[in-house]
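Next come the chains, spelled out residue by residue.
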Amino acid sequence: MTEPDDPALADLSDAPAGLRSEAETLRAAGLDADEALLIAARRLAVSDAEVRAFARERFAGIWDEPEPEAAPDGDERGTGQHGFWVMAAFAVAAAVAIRLPEAFGFAVADSQDADFYARNYSLLVLPPLAGWFVWLKRPPNWVIVVIGGVVAVSATVINAYPFDDDSSSFVLAVLHLPVLLWLVIGLARAGERWRLSGQRMDYVRFTGEWIVYGVLIALAGAVFSALTVGAFVALDIDTRWMTEWVMVGGSAGAVVVTAWLVEFWAGAVSKFASMLAYIFTPLFAAMLVVFLVAVPATGRSIEGDREALILFNVLLGFVVGLLLFWGAARRPGDRPGFFDGASTVLASAGLLTGVLTLAAVIGRIADFGWSPNRAALLGINAIFAVNLAGSVWLYLELWRKRRPFDDIVRWQTAHLAAYAAWAAVVVVAFPPIFAFA
């Protein structure tokens, strides 16, 4: 970790005193007591035990939470044999859930049932993950009610809506539903602390590591499946069971297994996820700058190209995601450096790209009228533009030493709620608004 500027904090044995000074400084700046403690502890790498001890002394009632209950074998909840078998049970539940519709005549391999699985795949696979987090983190009852309500409403509307053939609103709903569910699952993981920017950023960090682990597991599973199928085919043995159970059911169960690995075994892969943020932040910044130079140089407009507009919105999503992952990888106490400069350029270039794309979408709406795709692009592009505009301003304030990096984290993670709300609008409201077309 970067050495603190104050010499009095350089000695780790003085960490509680340093924590007290840092937390009180943040309190004076207007932060809540619990958030001041969280940020101060992250800056100084203070242990949880020291944080709780200081909290009981200085901010009584704020962090007076019970210590985690010891699971069997003396391990923390979720680890050890008991934790492993509970996780395995939820993974099996996800695998069974994805196969359960076959009892009612729906087949994964049947193209005629593709519509059903497109609607329900995330509803079958992600609730077991939410259930595991509820068991692991024990969030308050209102969180469980919210998660159950979102899943129930989503399942009802996505299956009850009479979508037209080749319906754009159907495709949008199917694409936005897993985003909505994934963000809601963050409540199960963080509970009441979701309101803290540090907890929201921790879920972003978890998401990045989950993706990395998931890709590695998928690659290993593909090699295993190919070798197994090849061996059985050589013996003239039917391998449909491999496709139906190992590939389909295994991929569903891997959603929970991957989350368990990230929670309790993250190590080198965690560093790899951070390394990706270090590598791709300057690369994307350079690419966007080249794009912004190429637009006037070529004299071409992106307004008339529907596919280009979709591509640029996906690109903006990657820009916002990279800024989030850079915030998760960066140590809060570090001085602004090269990668903060790359992030500033990335946010600025992303904002200009977002403005160009937003103007192009508005132009298409003026020329051709409203449609589900144009409305969806307009909404998410507006959210991206607001996010990036605020990020650019806060990065400039960081360079001027007027605002800490934690303000950037707080701003960017606050938009997770906006993404969840917009995804809910697209899933629930768009189909009837556009007559399921």
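How each quantity is defined
- Residues numbered from 1 in each chain as written.
- Predicted model: local features only at pLDDT ≥ 70, side-chain atom pairs only at ≥ 80, totals over all residues.
- Heavy atoms only, no water.
- Helix = DSSP H or I, 4+ residues; strand = E, 2+ residues; numbered from the N terminus.
- Contact = heavy atoms within 4.5 Å.
- Areas by Shrake-Rupley, 256 points an atom, 1.4 Å probe, with all protein chains shown as cover.
- Polar contact = N/O pair within 3.5 Å; in protein donor to acceptor, adjacent residues only side chain to side chain.
- Phe/Tyr/Trp six-rings, centres within 6.5 Å; stacked < 30°, edge-to-face > 60°.
- Buried < 20%, exposed > 50% of the residue type's maximum accessible area, 1.4 Å probe, protein only.
- 1 Å grid on protein atoms, 1.4 Å probe; cavity = no way out; pocket = protein on both sides within 12 Å on 5 of 7 lines; lining within 4 Å.
- Points joined across faces, edges and corners; volume = space filled by probe spheres on them.
- Nonpolar A, V, L, I, M, F, W, Y, C, P; charged D, E, K, R; others polar.
- Patch = residues over 30% accessible without salt bridge, like charges linked within 9 Å, V, L, I, M, F, W, Y side chains within 5 Å.
- Salt bridge = Lys/Arg side-chain N within 4 Å of Asp/Glu carboxyl O.
- Axes fitted to C-alpha atoms, helices over the stretch in contact; angles between N-to-C directions.
- Parallel < 35°, antiparallel > 145°, perpendicular 65-115°, else oblique.
- Left-handed = near helix turned anticlockwise from the far one by under 90°.
- Core = buried A, V, L, I, M, F, W, Y, C linked by side-chain atoms within 4.5 Å.
- Expected span 1.5 Å × (residues − 1).
- Bend = angle between axes of the 7 residues up to and from the residue.
- pLDDT = per-residue confidence, 0-100.

Chemist: What is the right way to look at the overall build of the protein chain in this model?
Modeler: Within the protein chain, the regular secondary structure consists of 14 helices and zero strands. Listing each helix as α and each strand as β along the protein chain from the N terminus yields α-α-α-α-α-α-α-α-α-α-α-α-α-α. Here the analysis covers contacts within the protein chain between residues at least 6 apart in sequence; of these, 77% occur between residues at least 24 apart. Carbon and sulfur atoms form 66% of the exposed surface of the protein chain, whose accessible area is close to 21400 Å².

Chemist: In this structure, what is going on with the side chain of N313? I would like to understand it.
Modeler: When you line up the elements, N313 lands in helix α11 (residues 306-329). In terms of polar contacts, N313 uses its side chain to reach the backbone carbonyl oxygen of L309, at 2.9 Å. Dropping the residues within four chain positions of it, N313 is found in contact with T357, L377, I380, N381 and F384.

Chemist: Looking at this structure, how should I read the packing of aromatic side chains?
Modeler: Any pair of aromatic rings gets described here by the distance separating the centres and the angle formed by the planes. Taken as a whole and assessed by the stated rule, the structure comprises 23 aromatic pairs. Ring geometry for Y161 against F163: centres 5.9 Å apart, planes inclined by 80°, an arrangement best described as edge-to-face. Relative accessible area serves as the criterion here: at 15%, Y161 is assigned to the buried category. Judged by its relative accessible area of 12%, F163 falls in the buried class.

Chemist: Help me understand empty space enclosed by the protein, please; the structure alone is not making it clear to me.
Modeler: In this approach a probe as big as a water molecule rolls over the atoms, and the regions it shows empty are the leftover space. The tally for this structure, following the rule as stated, stands at one cavity of 30 Å³ or more. The wall of the largest cavity is formed by L126, P127, A130, I147, V151, L181, V184 and I185. Counted by class, the lining of the largest cavity contains eight nonpolar, no polar and no charged residues.

Chemist: Hey, could you run me through a nonpolar patch on the surface in this one?
Modeler: Taken together, the side chains of V92, V96, L100 and F104 present a nonpolar region at the surface, about 410 Å² in accessible area. Residue position: L100 is located in the loop between α4 (80-99) and α5 (114-137). Given the relative accessible area of 48%, L100 is considered partly exposed.

Chemist: How should the packing of helix α12 (residues 338-368) against helix α13 (residues 372-399) be read in this particular structure?
Modeler: Describing two packed helices takes the angle between their axes plus the distance from one axis to the other. Where α12 meets α13, the axes come as close as 8 Å, and the angle between the chain directions of the two elements is 155°. Between α12 and α13, the angle falls in the class roughly antiparallel. As for how α12 packs across α13, the hand of that crossing is left-handed. Tallied by class, residues from the contact of α12 with α13 come to 18 nonpolar, nine polar and three charged.

Chemist: What is the right way to look at the nonpolar core in this model?
Modeler: Taken as a class, soluble globular proteins show a tendency for nonpolar side chains to be buried jointly. If you look at the biggest cluster of nonpolar residues, it comprises 92 residues, and the most contacted ones within it are L129, W132, F133, L346, Y419 and F430. Considering every element that reaches this core, the biggest residue donor is helix α7 (residues 168-190), with 13 residues. When neighbours within four sequence positions are excluded, F430 is seen to be in contact with L172, P372, A375, A376, W422 and V425. Ranked by size, the runner-up nonpolar core spans six residues in total, among them L309, A360, V361 and I365.

Chemist: Quick question: what am I supposed to make of the packing of α11 against α12 here?
Modeler: Look at α11 against α12: their axes get within 9 Å of each other, and the N-to-C directions meet at 150°. Judged on the interaxial angle alone, α12 and α11 are roughly antiparallel. Crossing geometry of α11 relative to α12 is assigned as left-handed. Every residue of α12 that contacts α11 at R306, L309, F312, N313, L316, V319, L322, L323 and W326 is listed here: F339, D340, S343, L346, A347, G350, T353, G354, T357, A360, V361 and R364. Here the contact of α11 with α12 is composed, by residue class, of 12 nonpolar, six polar and three charged.

Chemist: Which parts of the structure should I look at to understand α7?
Modeler: End to end, α7 covers 34 Å across 23 residues, agreeing with the expected 33 Å (1.5 Å per residue, within 8%). At H176, α7 shows its largest kink, close to 25°, and the proline P178 lies no more than four residues downstream. A large share of α7 lies buried, amounting to 17 of its 23 residues. Following α7 by one or two positions, G191 adopts a phi angle in the positive range, close to 65°.

Chemist: Help me out: how do you make sense of the pattern of salt bridges in this one?
Modeler: Counted under the stated rule, the structure contains 10 salt bridges. Across the pair D202 and R189 runs a salt bridge, and its minimum N-O distance is 2.8 Å. Taken together, the residues span a long stretch of sequence, with D202 in helix α8 (residues 197-234) and R189 in helix α7 at a distance of 13 residues. Owing to a relative accessible area of 14%, R189 belongs among the buried residues under this scheme. Among the charged side chains, a network of salt bridges with common partners joins K137, R189, D202, R205 and E263.

Chemist: Looking at this model, I keep getting lost on the environment of Y117. Mind explaining?
Modeler: Structurally, Y117 can be placed in helix α5. Here Y117 falls in the buried class, since its relative accessible area comes to 9%.

Chemist: Where do I start with the confidence of the model for the protein chain in this structure?
Modeler: Predicted coordinates in areas of low pLDDT are best not read in detail. Put simply, the protein chain has an average pLDDT of 79, and 75% of its residues get 70 or more. Below a pLDDT of 50 lies the segment residues 1-15, which in the model reaches 16 contacts outside its immediate sequence neighbourhood of four places, other chains included. Long-range and interchain partners of residues 56-75, a stretch whose pLDDT sits below 50, account for 28 contacts in this model, where long-range means more than four residues apart.

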